[in-house]
Amino acid sequence: QVQLVESGGGLVQPGGSLRLSCAASGITFSWYDMSWYRRAPGKERELVARIISYGGSTNYAEFTMGRFTISRDNGKNTVYLQMNSLKPEDTAVYYCNANLKSASYWGQGIQVTVSS
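To keep things clear, this report deals only with the structure shown in the data block.

Rules used throughout
- Residues numbered from 1 in each chain as written.
- Predicted model: local features only at pLDDT ≥ 70, side-chain atom pairs only at ≥ 80, totals over all residues.
- Heavy atoms only, no water.
- Phe/Tyr/Trp six-rings, centres within 6.5 Å; stacked < 30°, edge-to-face > 60°.
- Helix = DSSP H or I, 4+ residues; strand = E, 2+ residues; numbered from the N terminus.
- Buried < 20%, exposed > 50% of the residue type's maximum accessible area, 1.4 Å probe, protein only.
- Lys NZ or Arg CZ within 6 Å of the ring centre and 35° of its normal.
- Pairing = 2+ DSSP bridges.

## Here we look at the packing of aromatic side chains
Phase 1: For the structure shown, the criterion picks out two aromatic pairs.
Phase 2: Ring centres of Y32 and Y105 lie 6.2 Å apart, and the angle between their planes is 45 degrees; this geometry places the pair in the tilted category. On the criterion of sequence distance, the pair formed by Y32 in the loop between β3 (18-25) and β4 (33-39) and Y105 in strand β10 (residues 103-106) is long-range, its members being 73 residues apart.
Phase 3: By relative accessible area, which is 8% here, Y32 ends up buried.
Phase 4: Sitting over the ring of Y37, R45 keeps its end group 5.9 Å from the ring centre.

## Details of the pairing of strand β1 (residues 3-7)
Phase 1: Only one face of β1 is buried, namely the one carrying L4 and E6, since none of Q3, V5 and S7 on the opposite face is buried.
Phase 2: In the sheet, β1 pairs with β3 via five bridges, with the strands oriented antiparallel. Looking at the pairing, L4 lines up with A24 of β3.

Okay, structure coming up:
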């Protein structure tokens, strides 16, 4: 059974930082491209960042503007999203995704709220 479990979300003030983690089980983690998506209230889900298998290339949505960093630890089957300089518009449910060809798995999502 595949499980992706996100952690690290919560409430943070504007300008603050959070680090999201996504622990995977039931898959050969290093084979999978890992991504973070988010869905803000009233908006569609959008890609935040992706890191390909074996920790190679990364790509980011333009709105991250150097504020976010995705990384992975294949030994711990975990992908991270370091988020700095958070803005109120970053408020959303953040989802972890594992993708390999036609196989795609999602976490349950975790709330991030940026507010003073």
